[in-house]
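Listed here are the chains, written in short residue letters.
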Amino acid sequence: NADQTINIKGYTDDMAPHGRYADNWELSSMRAVNVLRHLMSLGLSAERMTATGLADLEPLYPNTTPENRAKNRRVEFVLEKSVG
């Protein structure tokens, strides 16, 4: 809907990333940004979207098993309706 904005939130598990990302903050931020870029390629306006990285904050499951860690590596969409 044109009267809604989309906040794209990226998350990670509690393991330190290997490779190109310095930490989970950077990884979660880039996860959200990549989704935002994909939505832009589909025609959504960048002015209606934000991307936020939240690292390993707010896990859905305890980071005690590989399966739970995989579930915590996610992207969430928060839709906000403009009022007024």
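Residues numbered from 1 in each chain as written. Predicted model: local features only at pLDDT ≥ 70, side-chain atom pairs only at ≥ 80, totals over all residues. Heavy atoms only, no water.

Draft legend 1. Inspection of the sheet that holds strand β3 (residues 75-81) at higher detail. Reading across the sheet, the three strands line up as β2-β1-β3 and stay open at both edges, with mixed pairing between neighbours. Strands with a single pairing partner mark the edges of an open sheet, and in this sheet they are β2 (49-53) and β3. For this sheet, the mean inter-axis angle between neighbouring strands, taken without regard to orientation, is 20 degrees. Sheet analysis places strand β1 (residues 4-10) next to β3, joined by seven bridges and oriented antiparallel. Pairing of isoleucine 6 across the sheet is with leucine 79, part of β3. This element, helix α1 (residues 24-41), spans β1, β2 and β3 of the sheet and lies at about 160 degrees to β2. (Pairing = 2+ DSSP bridges. Helix = DSSP H or I, 4+ residues; strand = E, 2+ residues; numbered from the N terminus. Axes fitted to C-alpha atoms, helices over the stretch in contact; angles between N-to-C directions. Contact = heavy atoms within 4.5 Å.)

Draft legend 2. Up close: the pattern of salt bridges. Summed over all chains, the structure comprises four salt bridges. When the shortest N-O distance is used, the salt bridge between arginine 69 and aspartate 14 registers 3.2 Å. Linking arginine 69 in helix α2 (residues 66-72) with aspartate 14 in the loop between β1 and α1, this pair joins segments that are 55 residues apart in sequence. In this structure arginine 69 comes out as buried when scored by relative accessible area, which is 19%. For aspartate 14, a relative accessible area of 37% corresponds to the partly exposed category. (Salt bridge = Lys/Arg side-chain N within 4 Å of Asp/Glu carboxyl O. Buried < 20%, exposed > 50% of the residue type's maximum accessible area, 1.4 Å probe, protein only.)

Draft legend 3. Highlighting the environment of asparagine 34. Along the chain, asparagine 34 falls in helix α1. For asparagine 34, a relative accessible area of 39% gives the class partly exposed. The spatial distance from the C-alpha of asparagine 34 to the C-alpha of leucine 79 is 18 Å, given a sequence separation of 45 residues.

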